[in-house]
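# Chain and residue survey
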Amino acid sequence: MPSTRIRLWIAIVATLGLALVGCTRGGGGNQTADQATQATGPIKIWYSNNQDEVKWGKAVVSAWNQAHSDQKVTAEEIPAGKSSEEVIGASITAGNTPCLVFNTAPAAVPQFQKQGGLVALDSFSDGASYIGERVGSRADQYKSPDGKFYQMPWKTNPVQIFYNKKLFAKAGLDADKPPLATYQDFLATAKTLVDKGGVKAAIWPAPSSEFFQSWFDFYPLFIAETGKQLVVDGQPQFNTPEGVAVGEFWKQLYSDKLAQRELYNGDAFGDQKAAMAIVGPWAIAVYGDKVDWGVAPLPTSSGKDPAQIQTFSDEKSVGMYSSCQNRGTAWEFLKFATSQEQDGKLLEVTGQMPMREDLPSLYADYFKAHPDYTAFAEQAARTVEVPNVPNSVEIWQTFRDAYTESVIFGRGDVKSSFDQAAEKVKTLAAGS
Amino acid sequence: MAASAATTSRPPLTRRLLGRQPVGYLFVAPYVLFLFLIFAYPLGFAVYMSFHDYFFAAPGAIVDRPFVGLDNFTTALADPAFRRAMLNVVIFIAINVPLTVFVGLLLATALNAAIPFRTFWRASYFVPYVTASVAVIGVWQWLFNSGGLVNSILGPLAPDPSWLVNRFWAMPIIALFATWKQLGFYVLLYLAALQNIPEELYEAAEVDGAGPVRRFWNVTVPGVRPTTTLVVIAATITGANFFTEPYLLTGRGGPAGASVSPVLLMYMEGIEQGHAGYAAAIGVLLALGVMVVSLVNRYLLERS
């Protein structure tokens, strides 16, 4: 009776399947949050695979381990992946995150928090006060909607306009004080560069649709214009007249072919195919010898006083992950790695700005020896972060889709496209 | 009496369950286990996810992933990005499948004939298939970008915006790329099938006065029909799952989502944005669509 046999086997397999599905939904740890907060012992951390950060990371871990033989820290580069966020997200699901990741993007924090992957640093008695003292007034930007800190704001790369002096001079422009303050100035300069500077684009931000690409084209200029985050109190800000004006400005750059719609396989600025780029202080080490570079503030519609202009922070935080057993050690190591001394070493080795107030006077010797970095250090005090709201990544993707469609590829009206995206963003920011 | 006899002669449960040769289950067990763990369980779990507001969470985390019924499916069907992705599958298959069958069979026939350097040509057509997509995509980007070789040849006839950032041309270029990349494999299948066509059939057709075209149409094409069915179904299934091409060649489904594919959409929704339940629903819809198309293909190709 094969049919009976088949029926019996189907029943057995289906029962096993359902049981297995049911099993996967269970599980849980035994250690209470308080016990974990107090626990000390060996921990593991990840840091970025950036060469300079690896160098700094090794030094800080070695310094810690020399003094804490019973609480040894093991450090590894973050595993390779499309992005650190994807690797960390997968690791949270697998339950094998290290205690600390020194490369946590603030935009991914709401998602990691939703996954139950992060530890609120407020759970340590001196958690909130330490962050407040170290970071100062900007710390509030890193609080989650529940009022807690699920990240330690660590270092920032405040973005500005980096330009190639040689190409500016070739186009007959003033290479020391380039006319880039207003949108009109910027457009005229961009046209001159393409016409006479021998470049394919005046500026060439990635025209692709990754959610984070807006941080290096629209968002810095939007912040420079408004000083606001993309979403404030649940309300999208990008469809305000100022936001639309920024969109129109970029749209003109694309339609006049002063910015390219095609993806450049490589580094357009480094290869001198573009004369400008929106970058942070990391660029000084990268382009230092290759390009005769200058730094200019971001353009605004009215040509604001540079000392008042704010920019996107391009900040990276340190996250403590819930799979961490010895959280007491993790917290102490986190404070050690973000102490004034270690922050100074981070600045020295990487050129990236620690999230501390008044960097130029705090590390006066460094900036005296490295005056190139001063403009970025001053700008570091005036940075705006991505909004810490639910569905953060989806909000950025929604905006990016509208931006690529209406601004980069010029399909439809910028205002209508931004309005449409704003409706969806409003729902997402409310947590729906 | 008959009923009583039937009752008394009914074999025991172990026999009914395991059959006459229970040891056979031992032999098939490893593969059944593999099939269950690698295919059946994930498939079942994906269906389960598609009916929930599911997202990946840390082990032991107390999170709410409620049952949402058909919500994920209705959201997908109303989502312009999903509709565009499904339309792109249709465009892709409409270009890729006929081109694969036609060019694949033509090339296999040519490579089966006594031509000079036959082994070299056979290997040449197989090279793209075994080369990493990332490497050949770089070459295609160079060919089709605004300052690339193709536009240099076309001069003023080149489209503006250029191929890969052009809403109309992005999908056909992707389909063309995939056809070129996979062709070597299908040529190989056809070459194997051609070996099985008896030479006598060609001789008989020639005696009856059939020329090369007639022989190809009346002998070769029917002779490789089972392989054509396989090629059409395989090309449809792999075609519906295209991902690398829009991800790399057109910069994540660009321009502005014009070349997005369902699998790329699943990746963006499920992995990047944390909507695993919604991504699973897209996967289920795609699987159902591919199943229907494959059954129609099979019916059309094998009905005679």
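Since the structure is predicted, the reported quantities are computational estimates derived from the model, not experimental observations.

Rules and cut-offs
- Residues numbered from 1 in each chain as written.
- Chains lettered and ligands numbered in written order.
- Predicted model: local features only at pLDDT ≥ 70, side-chain atom pairs only at ≥ 80, totals over all residues.
- Heavy atoms only, no water.
- Helix = DSSP H or I, 4+ residues; strand = E, 2+ residues; numbered from the N terminus.
- Rg over C-alpha atoms; globule rule 2.2 N^0.38 Å.
- Buried < 20%, exposed > 50% of the residue type's maximum accessible area, 1.4 Å probe, protein only.
- Contact = heavy atoms within 4.5 Å.
- Areas by Shrake-Rupley, 256 points an atom, 1.4 Å probe, with all protein chains shown as cover.
- Core = buried A, V, L, I, M, F, W, Y, C linked by side-chain atoms within 4.5 Å.
- Buried area = accessible area lost by both parts, 1.4 Å probe.
- Salt bridge = Lys/Arg side-chain N within 4 Å of Asp/Glu carboxyl O.
- Polar contact = N/O pair within 3.5 Å; in protein donor to acceptor, adjacent residues only side chain to side chain.
- Nonpolar A, V, L, I, M, F, W, Y, C, P; charged D, E, K, R; others polar.
- Arc of directions from axis to C-beta.
- Disulfide = S-S within 2.5 Å.
- Axes fitted to C-alpha atoms, helices over the stretch in contact; angles between N-to-C directions.
- Parallel < 35°, antiparallel > 145°, perpendicular 65-115°, else oblique.
- pLDDT = per-residue confidence, 0-100.
- Pairing = 2+ DSSP bridges.
- Left-handed = near helix turned anticlockwise from the far one by under 90°.

## A closer look at the overall build of chain B
Looking only at helices and strands, chain B has 15 helices and 0 strands in total. On C-alpha atoms alone, chain B measures out to a radius of gyration of 25 Å, which is more than a quarter above the 19 Å that the 2.2 N^0.38 rule sets for 304 residues. By its C-alpha atoms, chain B is 80 × 60 × 30 Å across when sized along the principal axes. The 304 residues of chain B split such that 42% are buried. A fraction of 64% describes how many contacts in chain B between residues 6 or more apart in sequence connect residues 24 or more apart. For chain B, the accessible area works out to roughly 16500 Å², and carbon and sulfur atoms hold 71% of it.

## What about the nonpolar core?
In this structure, Tyr219(A), Trp250(A), Leu253(A) and Met276(A) are the most contacted members of the largest nonpolar core, which totals 65 residues. The element that contributes the greatest number of residues to this core is helix α17 (residues 392-408) of chain A, accounting for 8 residues. Those residues in contact with Trp250(A) that lie beyond four places of it in its chain are Ile203(A), Pro205(A), Asp217(A), Phe218(A), Leu221(A), Ile278(A), Tyr403(A) and Val407(A). In this structure, Val97(B), Val187(B), Ala193(B) and Phe242(B) belong to the second largest nonpolar core, which totals 45 residues.

## Re the interface of chain A and chain B
Tallying the contact residues gives 42 residues for chain A and 37 residues for chain B. Taken together, both faces of the contact between chain A and chain B bury some 3400 Å²; the carbon and sulfur share is 58%. Here chain A and chain B share 1 salt bridge between them. Two residues, Asp160(B) and Lys257(A), come together in a salt bridge whose shortest N-O distance is 3.3 Å. Here chain A and chain B share 11 residue pairs in polar contact (both at pLDDT 80 or more) between them. Classifying every residue of the side of chain A that touches chain B by side-chain character gives 11 nonpolar, 18 polar and 13 charged.

## Some remarks on helix α11 (residues 212-223) of chain B
Residue and element names in this part refer to chain B. If you check which residues of α11 are buried, you get Arg215, Phe216, Val219 and Thr220. Each buried residue of α11 sits inside an arc of 120° when the element is viewed along its axis, so together they form one side. Away from the buried face of α11 by more than 90 degrees, exposed residues Val213, Arg214 and Trp217 are located. For α11, the secondary structure elements touched by its buried residues are α5 (80-112), α9 (170-195) and α10 (199-207).

## Examining the state of the cysteines
All names here are of chain A. In total, this model carries 1 disulfide over all chains according to the counting rule given. Two residues share a disulfide in this structure: Cys99 and Cys324, whose sulfurs sit 2.0 Å from each other. Across the S-S bond linking Cys99 and Cys324, the dihedral sits near 85°, which makes this disulfide right-handed. Of this pair, Cys99 sits in the loop between α4 (84-94) and β3 (100-104) while Cys324 sits in the loop between β12 (316-320) and α12 (327-337), placing them 225 residues apart in sequence.

## Concerning the packing of helix α10 (residues 241-255) of chain A against α17(A)
Residues and elements named next belong to chain A. Interaxial distance between α10 and α17 falls to 9 Å at its minimum, and their mutual angle equals 55°. Viewed along their axes, α10 and α17 adopt a mutual orientation that is oblique. For the pair formed by α10 and α17, the contact residues are Gly247, Trp250, Lys251 and Tyr254 on the first element and Tyr403, Ser406, Val407 and Ile408 on the second. Residues that form the contact of α10 with α17 fall into these classes: 5 nonpolar, 2 polar and 1 charged.

## Observations concerning the confidence of the model for chain A
For chain A, per-residue confidence averages 92 on the pLDDT scale, and residues scoring 70 or more make up 92% of the total. In the predicted structure, residues 21-29 of chain A sits below a pLDDT of 50 and forms 8 contacts with residues beyond four places in sequence or in another chain.

## So, the sheet that holds strand β2 (residues 73-77) of chain A
Residue and element names in this part refer to chain A. Overall, mixed pairing links the 6 strands, which are arranged β2-β1-β3-β12-β4-β13 in an open sheet. What marks the edges here is a single partner per strand, and that holds for β2 and β13 (353-354). Relative to β3, strand β1 (residues 43-47) is paired through 3 bridges, and the arrangement is parallel. Following the sheet pairing, Ile45 is matched in β3 by Leu100.

## Some thoughts on the packing of α5(B) against helix α6 (residues 118-130) of chain B
All names here are of chain B. Relative to each other, α5 and α6 sit at 155°, their axes nearing to 9 Å. As judged from the angle between their axes, α5 and α6 are roughly antiparallel. The interaxial crossing formed by α5 with α6 has left-handed handedness. Together, Leu107, Leu111 and Asn112 of α5 and Arg118, Trp121, Arg122 and Tyr125 of α6 make up the contact between the two elements. For the contact of α5 with α6, a count of residues per class yields 4 nonpolar, 1 polar and 2 charged.

## Observations regarding the pairing of strand β4 (residues 152-156) of chain A
All names here are of chain A. Most of β4 is tucked away: 5 of the 5 residues are buried. Bridge count for β4 against β12 is 3 bridges, and the pairing is antiparallel. Each bridged residue has a counterpart across the sheet, and for Met152 the counterpart in β12 is Val318. Across 2 bridges, the pairing between β4 and β13 is antiparallel. Residue pairing for β13: Thr156 is matched across the bridge by Met353.

## Examining α12(A)
Buried residues dominate α12(A), accounting for 9 of its 11 residues. Of the residues making up α12(A), those classed as buried are Arg327(A), Gly328(A), Thr329(A), Ala330(A), Trp331(A), Phe333(A), Leu334(A), Lys335(A) and Ala337(A).

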